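# Coordinates in review
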Amino acid sequence: MKFGAVPVAQAEGGVAVHSIRQAGLVLKKGTLIGKAEIAALKAAGIAEIVVARLEAGDVSEDQAAAEIAAATAGEGIRVDRAFTGRANLFAEGPGILVVEREAIDALNRVDEAITFATLQAFKPVVAGE
């Protein structure tokens, strides 16, 4: 993955790495930069933006988050659509959260860019939590 600051005019095809709020512009992290975004960035007076560009063999952070969530979701868990590199998992009904701490810790040690956060093990949960 190529990652770094580029002049706005050269950002097309990149993915915004940070959210930008300036001069009435709101550009969310994860936005694919196209011609309309470039025009809006220029109009807001922004000269440079940090973008990521995927290379062969790379997967987007949303795809990675979705795959991790799907692999870790168990029975009674609903996985929301991934966004900004995050996929939330929710209880489909009331129950007790079962967490394999060693597995979560191992996943979090894979790379500093991965964070798998969870509620405390054995917490009573309700639908949607």
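Residues numbered from 1 in each chain as written. Predicted model: local features only at pLDDT ≥ 70, side-chain atom pairs only at ≥ 80, totals over all residues. Heavy atoms only, no water.

### Thoughts on the overall build of the protein chain
Looking only at helices and strands, the protein chain features three helices and nine strands. The secondary structure elements of the protein chain, listed N-terminal to C-terminal, are β-β-β-β-α-β-α-β-β-β-α-β. Here the C-alpha atoms of the protein chain give a radius of gyration of 18 Å, more than 25% beyond the 14 Å that 2.2 N^0.38 yields for 129 residues. Taken over the C-alpha atoms alone, the protein chain extends approximately 50 × 30 × 20 Å along its principal axes. Considering the protein chain as a whole, with its 129 residues, one finds that 24% of them fall into the buried category. Of the roughly 8,600 Å² of accessible surface on the protein chain, a fraction of 55% belongs to carbon and sulfur atoms. (Helix = DSSP H or I, 4+ residues; strand = E, 2+ residues; numbered from the N terminus. Rg over C-alpha atoms; globule rule 2.2 N^0.38 Å. Buried < 20%, exposed > 50% of the residue type's maximum accessible area, 1.4 Å probe, protein only. Areas by Shrake-Rupley, 256 points an atom, 1.4 Å probe, with all protein chains shown as cover.)

### Some words on the nonpolar core
Grouped together as the largest cluster of nonpolar side chains are 14 residues, with contacts concentrated most on Ile20, Leu25, Leu27, Ile33, Leu41, Ile46 and Ile49. Listed by contribution, the elements that provide at least two residues to this core are β4 (25–27), α1 (35–43) and β5 (48–53). Look past the residues within four positions of Leu25 in its chain and what remains in contact with it is Ile20, Ala40, Leu41, Ala44 and Ile46. In this structure, Ala91, Leu107, Phe116 and Val125 belong to the second largest nonpolar core, which totals seven residues. (Core = buried A, V, L, I, M, F, W, Y, C linked by side-chain atoms within 4.5 Å. Contact = heavy atoms within 4.5 Å.)

### A few points about the side chain of Asn88
Structurally, Asn88 is set in the loop between β6 (77–79) and β7 (89–91). At a separation of 2.9 Å, a polar atom in the side chain of Asn88 contacts the side chain of Arg86. (Polar contact = N/O pair within 3.5 Å; in protein donor to acceptor, adjacent residues only side chain to side chain.)

### Quick word on the sheet that holds strand β1 (residues 2–7)
To summarise the sheet geometry, strands pair through backbone hydrogen bonds and adopt either a parallel or an antiparallel arrangement. Sheet architecture is open: three strands sit in the order β1-β5-β2, paired in antiparallel fashion. Edge positions in the sheet fall to β1 and β2 (15–16), since each of these pairs with one other strand and no more. Bridge analysis of β1 against β5 gives six bridges, and the strand direction is antiparallel. If you follow Lys2 over to β5, its bridge partner there is Arg53. (Pairing = 2+ DSSP bridges.)

### As for unusual backbone geometry
Phi at Ala23 takes a positive value of approximately 50°, unusual for a residue other than glycine. Tracing the chain through its elements places Ala23 in the loop between β3 (20–22) and β4. Taking the relative accessible area as the measure of exposure, Ala23 reaches 69% and is therefore exposed. Phi is positive for Thr84, close to 45°, though the residue is something other than glycine. Structurally, Thr84 is set in the loop between β6 and β7.

### Things to note about a nonpolar patch on the surface
Taken together, the side chains of Met1, Phe3 and Leu54 make up a nonpolar region of the molecular surface, amounting to roughly 330 Å² of accessible area. Its location among the elements puts Met1 in the segment before β1. (Patch = residues over 30% accessible without salt bridge, like charges linked within 9 Å, V, L, I, M, F, W, Y side chains within 5 Å. Salt bridge = Lys/Arg side-chain N within 4 Å of Asp/Glu carboxyl O.)

### What to know about the pattern of salt bridges
Under the definition given, this model contains five salt bridges. For the salt bridge of Glu12 with Lys35, the shortest nitrogen-to-oxygen distance reads 3.2 Å. Pair noted here: Glu12 is in the loop between β1 and β2 and Lys35 is in helix α1, with a separation of 23 residues, a long-range link. Judged by relative accessible area, Lys35 falls into the exposed class, the value being 61%.

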